[in-house]
Amino acid sequence: MVKFIEFHPVLINSELGEAYTWIELRNQIEQNLQTKILFDQWNKKKVLTLIDPYLDKNQIKNCQMDEQLEIVFKEIRDNDRIIAIKNKCMQVIVLAIIEFIYQQNYVKKLR
């Protein structure tokens, strides 16, 4: 799992002491052909399937995953602000997307 990211009110890379913005997440998604296609097609069901292994099921028992993922899609597409999320379900989704991209782009290439 990604060891250097935690939520305060903002998504922080604690190793670098920097806040992530939605545009940085969008850039990472677009570098990964699989996620780029799914985000371009607005295919939330497939995205959930991809990130499912990285979702913390303990934190998202009573949340509307589809509804929260819709918001994540809109934020990634439309905003350049710092990622500041109070909704726990949405936090878990964003972290799962980051973890998936990290695994795909870096861990697999190191092997």
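Residues numbered from 1 in each chain as written. Predicted model: local features only at pLDDT ≥ 70, side-chain atom pairs only at ≥ 80, totals over all residues. Heavy atoms only, no water.

## Concerning the nonpolar core
Operational definition: Residues enter a nonpolar core if they are buried and are Ala, Val, Leu, Ile, Met, Phe, Trp, Tyr or Cys, with the set joined through side-chain atoms within 4.5 Å. Residue burial is assigned from relative accessible area. The probe radius is 1.4 Å, only protein chains are included, and a residue is buried under 20% of its type maximum, exposed over 50%, and partly exposed in between. The helix and strand labels rest on DSSP assignments: H or I over at least four residues marks a helix, E over at least two residues marks a strand, and numbering proceeds from the N terminus.
One finds Trp22, Leu25, Ile51, Leu55, Val72, Ile93 and Ile97 to be the most contacted residues of the largest nonpolar core, which totals 29 residues. When residues of this core are traced back to their parent elements, those giving at least two are helix 1 (22-31), helix 2 (33-40), helix 3 (44-51), helix 4 (65-78) and helix 5 (88-110).

## Some details on the packing of helix 2 against helix 4
Keep this limit in mind: Whenever a helix is involved, its axis is fitted only over the stretch in contact; in every case the axis is a line through C-alpha atoms, and angles between N-to-C directions fall within 0 to 180 degrees. An angle below 35 degrees is read as roughly parallel, one above 145 as roughly antiparallel, one from 65 to 115 as roughly perpendicular, and any other as oblique. Only heavy atoms matter for contacts: two residues are in contact if any of them lie within 4.5 Å across the pair. Charged residues are taken to be Asp, Glu, Lys and Arg, nonpolar residues to be Ala, Val, Leu, Ile, Met, Phe, Trp, Tyr, Cys and Pro, and polar residues to be all remaining types, Gly included.
Following both chains from N to C, one finds helix 2 and helix 4 inclined at 105°, their axes separated by 11 Å at the closest point. Taken together, helix 2 and helix 4 sit at an angle that is classed as roughly perpendicular. Taken together, the residues of helix 4 that come into contact with helix 2 (itself represented by Leu38, Phe39 and Asp40) are Phe73, Ile76 and Arg77. For the contact of helix 2 with helix 4, a count of residues per class yields four nonpolar, no polar and two charged.

## Quick word on unusual backbone geometry
Of all residues except glycine, most have a negative phi; of all peptide bonds, most are trans. We note that tryptophan 42 has phi near 55°; this positive angle belongs to a residue other than glycine. Position of tryptophan 42 among the secondary structure elements: in the loop between helix 2 and helix 3.

## Comments concerning the pattern of salt bridges
A side chain of one charge can pair with a side chain of the opposite charge if their charged atoms are brought near each other. Selection rule: When a carboxyl oxygen of Asp or Glu lies within 4 Å of a side-chain nitrogen of Lys or Arg, that pair is called a salt bridge.
Going through the model one piece at a time under the given rule, you end up with five salt bridges. The shortest N-O distance in the salt bridge between lysine 36 and aspartate 40 comes to 2.7 Å. One end of the pair is lysine 36 and the other is aspartate 40, both in helix 2 and four residues apart, which spans about a single turn. Given the relative accessible area of 27%, lysine 36 is considered partly exposed.

## Thoughts on the confidence of the model for the chain
Worth spelling out the cut-off: pLDDT measures the predictor's confidence residue by residue and takes values from 0 up to 100.
For the chain, per-residue confidence averages 82 on the pLDDT scale, and residues scoring 70 or more make up 80% of the total. The least confident element of the chain is strand 1 (residues 5-7), whose mean pLDDT is 51; the most confident is helix 3, at 92.

## What to know about helix 2
Definition in use: Throughout, the arc means the angular range of directions from the helix axis out to the C-beta atoms. Polar contacts, as used here, are pairs of N or O atoms within 3.5 Å; protein pairs need one atom able to donate a hydrogen and one able to accept it. Residues neighboring in sequence count only if both atoms are side-chain atoms.
Those residues of helix 2 that sit buried are Thr35, Leu38 and Phe39. Across the axial projection of helix 2, the buried residues extend over an arc of 95°, all falling on one side. A side-chain oxygen of the first residue of helix 2 lies 3.1 Å from the backbone nitrogen of glutamine 34; this N-cap is asparagine 32. Residue tryptophan 42 follows helix 2 closely and has a positive phi angle near 55°.

## Section: the packing of aromatic side chains
Just so we agree on the cut-off: Two aromatic rings, drawn from Phe, Tyr or Trp (for Trp, its six-membered ring), form a pair once their centres lie within 6.5 Å of each other, and the interplanar angle then sorts them: stacked below 30 degrees, edge-to-face above 60, tilted otherwise.
On inspection of all chains with the given rule, the structure shows three aromatic pairs. A ring pair is formed by phenylalanine 39 and phenylalanine 73, whose centres lie 4.3 Å apart and whose planes are at 15°; its orientation type is stacked. With a gap of 34 residues between them, phenylalanine 39 in helix 2 and phenylalanine 73 in helix 4 connect regions that are remote in the sequence. Across this residue pair, the class does not change: phenylalanine 39 and phenylalanine 73 are buried. Taken together, the ring pairs in this structure connect Phe39, Trp42 and Phe73 into an aromatic cluster.

## Let's talk about the environment of valine 94
Tracing the sequence through the fold places valine 94 in helix 5. The spacing of valine 94 and glutamine 68 is 26 residues in sequence and 9.8 Å in space, taken between C-alpha atoms.

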